[in-house]
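An overview of the molecular structure
Residues per chain, in single letters:
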Amino acid sequence: MHWEQLLSLKRAGDKDGRFRKDQDETRLGFEVDFDRIVFSSAFRSLQDKTQVIPLSDTDFVHTRLTHSMEVSVVGRSLGRIVGKQLLEKHPYLKELGYTFNDFGAIVAAAALSHDIGNPPFGHSGEKSIGEYFNSGNGQAFKAELSEKEWQDLIDFEGNANGFKILTQDGLGVKDGLRLSYATLGAFMKYPKESLPKKATKHIVDKKFGFFQSEKEKFVDVAETLGLKAMRTGDDVTYYRHPLAYLVEAADDICYTIIDFEDGINLGLVDEEFALEYMIKLVQDKIDINKYHSLKLKKDRVSYLRALAISALINEAVRIFIENEESILEGTFEKSLLDRCKYEAQINDIIKLSVDKIYHSRSVIEKEVAGYKIISDLLDVFINAVNNSYLGKASNYDKLTLMMLPQEFKNQSDSLYTRIMSVCSYVAGMSDSYAILVHKKISGVMMS
C-alpha cells in the first residue's frame, strides 16, 4: 500500500481527481468530512444511545455521543503525531501538499463516526438483532436468503451498519454523506464481508465491515485506496487502511480508561482500586502531591485519566511507527495496544470493568429489557413491510407501516433489502425513542 493513494481526497461520484495542493487551506476536504458527520441525524442520535450504563439516572455517564467525541479528540492527536513522523520519513508527501494535520483530520473524522451504526442499548443491541434472526421469529426467513445475507443478519454488526449509513443512497440523496475515501478507509476496521467468519487470527477477521447491500461501494473504496487484498473472488477481504489502526487505538484507549472512570464516579469501582490499577500506567508521570491535593474524587480520577490517556497515546504512536512497513504490507495482525508494554495493565482494568461495571445489576437489567424491545420492534415492522409487499397486509400492518419513516418503507423485490431496511430503522433509534415506539406498538396509551 502507498500513502499517496491511501490519502485519497476522492468522494463517491467524482469525475475529476482531487489533489491535495488544490485544497482550500481554510477548510480542507478531510475537515469537511468531520463537519458532515457532526451535522448528520445519525450522529445526533448518539446523544441518547448507551455507551456502558443504559438509561442512566445521572447526567455524568458517557453516551455514545460523548464517547465518540472523546475518541475523535484522541484520534486527532494520534493522527497528528504519527503524521509528523511520517512526513519526515516520506518527504515526497510534503511535496504533494500533505501536512501532519491531514493525518489528524482523517483519523478524527473516522473516529467521530466509529459508533454511528450502533443500535440502541449498547452492544446488547447488536446481539439482540442477531438473535431475533438466529433464534427468534426471524428464523423463518433463512431459507429465502443467501448464506452471506443470512450471516449479515444473525451477526448484525454496528461497523457494517455504520458503513451503510455513511455511504447509502437515500430518497433524492446519492452516496450518503459523500466522505473522502481516505476517511472511509480509516473508518473500516474490519474490511471484509460476513463470511468466512473468523477465518484467521488476523485482526481484520475479528468481525466484518460491510453488508452485502454495500459490497459494490466497499470494493470501490478499497480499490481506489489501493488496499491490499487478503482474499479475493467470492470472499472479499482486504488488509486494513493503516490509519484504521489509529482509529481503533483511540477507541481502545477511551473505552478502557473512560468506562473505568464512569464506574469509579458511579461508585461501582472503589477509588482505591482505581489508584492501584491506574498507577501502573502513570507511575512515571504522576505527581503524588498534586494528586492528594485534589479534594474531589472526580478531580482525582480525571487527573489519573489524563495521564493514562497520554501514556497510551505515546505508546500507540511508538508501535505504529516501528511497524509501519508491516502495517502497509498487511502483516501486522494485532491491534496496536495488544502490542504495547501496558497490555497486562490494560487487561487488568478491562477485567475489573467487566466484573464491576458491565456485569452490574443495573446494566444487566436494562440490557434484558433492550432485548425484548428490539425483538418486538423488528417483529412488528418486518411483518408490516413484508405483508404489504405480498398484498396481504392487515389493518394493523397498515397502521404500523404508517409509523415508518418514508425512507424505510422499502418495497423491493429483495426480501433481504426489505428486512435490512427495517433493521436500519431500528438500529438508528435512540434508546428513549425505541422505548417510546415499543410502548405505542404494545398498546400503552401515551398522553
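Residues numbered from 1 in each chain as written. Predicted model: local features only at pLDDT ≥ 70, side-chain atom pairs only at ≥ 80, totals over all residues. Heavy atoms only, no water.

1. Observations concerning the side chain of Arg-231
Formally: Elements are defined by DSSP. Helices are runs of H or I of four residues or more, strands are runs of E of two residues or more, and each kind is numbered from the N terminus. Each residue's exposure class comes from its accessible area (1.4 Å probe, protein chains only) as a fraction of the maximum for that residue type: buried when under 20%, exposed when over 50%, partly exposed otherwise. Under the rule applied, a polar contact is a pair of N or O atoms within 3.5 Å (in protein, one hydrogen donor and one hydrogen acceptor; residues adjacent in sequence only if both atoms are side-chain atoms).
Take Arg-231: it is sitting in strand β1 (residues 229-231). Relative accessible area serves as the criterion here: at 18%, Arg-231 is assigned to the buried category. Looking at Arg-231, its side chain comes within polar contact range of the side chain of Thr-237, at 3.0 Å.

2. Examining the domain arrangement of the protein chain
Stated precisely, the cut-off is as follows: For the domains described, the bounds stem from an automatic or database domain assignment. By definition, residues are in contact when any of their heavy atoms lie within 4.5 Å. When two parts are brought into contact, each loses some accessible area as probed by a 1.4 Å sphere; the total of that loss over both is the buried area. Polar here means any residue outside two lists: the nonpolar Ala, Val, Leu, Ile, Met, Phe, Trp, Tyr, Cys and Pro, and the charged Asp, Glu, Lys and Arg; Gly therefore counts as polar.
Here the domain parsing of the protein chain yields domain 1 (3-118 + 242-357) and domain 2 (120-149 + 360-446). The distance between the C-alpha centroids of domain 1 and domain 2 comes to 32 Å. Across the boundary between the two partners, domain 1 contributes 14 residues, which contact 16 residues of domain 2. The contact between domain 1 and domain 2 buries some 1,200 Å² in all, and 52% of this surface belongs to carbon and sulfur atoms. The interface formed by domain 1 and domain 2 contains four residue pairs in polar contact (both at pLDDT 80 or more). Partitioned by chemical class, the residues of the side of domain 1 that touches domain 2 number six nonpolar, four polar and four charged.

3. Let's talk about the packing of aromatic side chains
Counted only if it meets this: A pair of Phe, Tyr and Trp rings is counted when the ring centres sit within 6.5 Å of each other, with Trp represented by its six-membered ring. The angle between the planes then sorts it: under 30 degrees is stacked, over 60 is edge-to-face, the rest tilted. Geometrically, a charge over a ring is one whose NZ (Lys) or CZ (Arg) sits within 6 Å of the ring centre while staying within 35 degrees of the ring normal.
Under the definition given, this model contains 12 aromatic pairs. Centre to centre, the rings of Phe-156 and Phe-211 are 5.4 Å apart; their planes meet at 35°, and the pair counts as tilted. Residue Phe-156 is located in the loop between α8 (147-154) and α9 (158-167), and its partner Phe-211 is located in the loop between α10 (181-187) and α11 (215-225); the two are separated by 55 residues in the primary sequence. Under the relative-accessibility criterion, Phe-156 is labelled buried at 3%. Taking the relative accessible area as the measure of exposure, Phe-211 reaches 0% and is therefore buried. Among the aromatic residues, those joined into a ring-pair cluster are Phe-163, Phe-210, Phe-218 and Tyr-238. The ring of Tyr-277 carries Lys-280 above its face, with NZ or CZ at 6.0 Å from the centroid. Here Arg-418 stacks its cationic end above the ring of Tyr-389, 3.9 Å away from the centre of that ring.

4. Considering the environment of Ala-182
On the secondary structure map, Ala-182 appears in helix α10. Judged by its relative accessible area of 0%, Ala-182 falls in the buried class. Counting along the chain gives 152 residues from Ala-182 to Phe-30, while the straight-line C-alpha distance between them is 8.2 Å. Leave out the neighbours within four places in its chain, and Ala-182 touches Leu-6, Leu-7, Ser-8, Phe-30, Ile-106, Leu-225 and His-241.

5. Points about the nonpolar core
Stated formally: Nine residue types can take part in a nonpolar core, namely buried Ala, Val, Leu, Ile, Met, Phe, Trp, Tyr and Cys, and a core is a set of them joined through side-chain atoms within 4.5 Å.
Formed by 94 residues in total, the largest nonpolar core has its most connected members in Trp-3, Leu-78, Leu-243, Phe-260, Phe-320 and Leu-336. Ala-384, Tyr-416, Met-420 and Val-422 belong to the second largest nonpolar core, which has 38 residues in total.

6. So, helix α7 (residues 123-134)
Residues three or four positions apart in an α-helix share a direction because the helix packs 3.6 residues into each turn. As a reminder, the rule being used: One less than the residue count of a helix, multiplied by 1.5 Å, gives the span that helix is expected to have.
Taking 1.5 Å per residue as the helical rise, α7 with its 12 residues ought to reach 16 Å, and the 17 Å between its terminal C-alpha atoms agrees with that figure. Inspection of α7 places Ser-124, Gly-125, Glu-126, Ser-128, Ile-129, Gly-130, Tyr-132 and Phe-133 among the buried residues, and these make up the whole buried set. Turning to α7, the residues buried within the fold contact α8, α9, α18 (361-389) and α20 (415-427).

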